[in-house]
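Next come the chains, spelled out residue by residue.
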Amino acid sequence: EIAQCLVGSEMCIRDSPYVSWEFLTTEPDILMDTYGIKPMIINTIYTVVLTLLFCIPLGIGSAIYLAEYAKQGKIVSAIRFAIEILAGIPSIVYGLFGMLFFTKTLKMGYSMMSGACTLAIMILPLIMRTAEEALKSVPDSYREASFGLGAGKLRTIFKIVLPSAVPGILSGVILATGRVVGETAALLFTAGTIAKVAGLMDSGRTLAVHMYALSSEGLYMNQMYATGVILMLIVLLINGCSGMIAKKIAKK
């Protein structure tokens with residue numbers, strides 16, 4: 001009877017609608033006959049916010065130093081070359097590094113913190129590169145006019161240059177966010193795959209990891225496709241909101 005119940009639940013899950021309110025608001029539990037992705041949606045948003053909080057200040061600060069303060073020379077050229085190399089490293093390598101450093105050495109375990117720190121390191125070169133190019137694209141006449149009015153270098157950067165470069169910086173943040181949302185390999189080695197709403201030091205899975213888990217099992221393909229649709233909609237929503245913010249800032 002238990003076996004028949006489980007088989008019946010599996011069939012119910014397989015034949016369930018692709019996307020429904022129940023699918024968005026319940027947790028996956030075969031005994032309770034629920035198949036939702038609510039924990040994965042929360043974990044995905046949590047991971048994105050935590051990762052951006054780590055890498056945006058560091059990335060923009062590094063870009064300001066390289067674009068406005070650093071003297072051009074071999075050291076700066078070596079830094080830029082290292083950024084280009086780091087941007088092209090496969091994500092699974094970052095995952096292995098995160099597992100060895102954050103999970104094992106720093107004893108964070110399989111947690112959202114380990115995953116967010118690993119993803120922050122992974123997308124940091126992308127944000128640094130795009131932010132630096134955005135700062136360089138600001139005309140020098142803006143800086144000269146600010147200096148001519150008596151403003152110092154720091155005030156010029158934060159009041160004139162940085163606001164003018166915000167649309168370009170946001171473009172890099174959007175690209176980085178898309179990479180975080182769709183990342184799987186790095187999180188498998190650092191955040192784990194437990195299907196529950198995770199705390200800061202708890203293991204949890206995002207939507208992309210959930211899709212990978214479902215495809216590996218090969219039993220819940222409808223739910224995998226539905227998860228992919230939700231994942232795509234979240235990315236479109238983030239990109240749309242970021243684009244609107246960038247346009248408003250550019251108008252100002």
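These numbers were taken from a predicted model, which means no experiment stands behind them.

Visitor: Help me understand unusual backbone geometry, please; the structure alone is not making it clear to me.
Guide: Most peptide bonds take the trans configuration, and most residues that are not glycine carry a negative phi. Residue K107 is not a glycine yet carries a positive backbone phi of 60°. Locating K107 in the fold gives a position in the loop between α5 (91–105) and α6 (112–136). Assessed through its relative accessible area of 71%, K107 is described here as exposed.

Visitor: Is there a simple way to explain the packing of aromatic side chains in this structure?
Guide: One pair of aromatic rings is described through two measures. These are the centre distance and the angle between the planes. According to the stated counting rule, one finds three aromatic pairs in the structure shown. Measuring from ring centre to ring centre gives 6.2 Å for F97 and F102, while their planes differ by 85°; the resulting arrangement is edge-to-face. Looking at F97, the relative accessible area reads 41%, which means it is partly exposed. Look at F101 and F102: their rings are 5.0 Å apart centre to centre, the planes differ by 75°, and that puts the pair in the edge-to-face class. Its relative accessible area of 7% is what places F102 among the buried residues. Three or more aromatic residues link up through ring pairs in this structure, and these residues are F97, F101 and F102. The side chain of K153 reaches across the aromatic face of Y69, ending 5.4 Å from its centre.

Visitor: Would you explain the environment of G243 in this entry?
Guide: For G243, the position within the fold is in helix α11 (residues 221–251). Classification of G243 as partly exposed rests on a relative accessible area of 23%. Note: C-alpha distance between G243 and S171 (72 residues apart in sequence) is 8.1 Å.

Visitor: Looking at this structure, how should I read the confidence of the model for the chain?
Guide: As a general rule, the predicted coordinates of low-pLDDT regions are not to be interpreted in detail. Summing up the model confidence of the chain, the mean pLDDT is 83 and the portion of residues at 70 or higher is 89%. Here residues 1–17 scores under 50 on pLDDT; set against residues more than four positions off or in separate chains, the count is 21 contacts.

Visitor: Explain the nonpolar core here, please?
Guide: For soluble globular proteins, the rule of thumb is that nonpolar side chains tend to be buried together. Counting residues in hydrophobic clusters, the biggest one holds 47 residues, and the most contacted among them are I37, C55, I123, L135, I169, L207 and I230. Only α3 (38–69), α4 (74–87), α6, α8 (153–181), α9 (185–190), α10 (207–217) and α11 provide two or more residues apiece to this core. Broken down by element, the residue count for this core peaks at eleven residues, all from α6. Leave out the neighbours within four places in its chain, and I123 touches T51, L52, C55, A176, R179 and V180.

Visitor: Would you take a moment to explain α3 for this structure?
Guide: Since the α-helix turns once every 3.6 residues, residues separated by three or four places project in the same direction. Between its first and last C-alpha atoms α3 spans 46 Å; for 32 residues at 1.5 Å apiece the expected length is 46 Å, and the two agree. Of all the bends in α3, the greatest reaches close to 30° and is centred on C55; the proline P57 follows between one and four positions later.

So, how was this worked out
- Residues numbered from 1 in each chain as written.
- Predicted model: local features only at pLDDT ≥ 70, side-chain atom pairs only at ≥ 80, totals over all residues.
- Heavy atoms only, no water.
- Helix = DSSP H or I, 4+ residues; strand = E, 2+ residues; numbered from the N terminus.
- Buried < 20%, exposed > 50% of the residue type's maximum accessible area, 1.4 Å probe, protein only.
- Phe/Tyr/Trp six-rings, centres within 6.5 Å; stacked < 30°, edge-to-face > 60°.
- Lys NZ or Arg CZ within 6 Å of the ring centre and 35° of its normal.
- pLDDT = per-residue confidence, 0-100.
- Contact = heavy atoms within 4.5 Å.
- Core = buried A, V, L, I, M, F, W, Y, C linked by side-chain atoms within 4.5 Å.
- Expected span 1.5 Å × (residues − 1).
- Bend = angle between axes of the 7 residues up to and from the residue.

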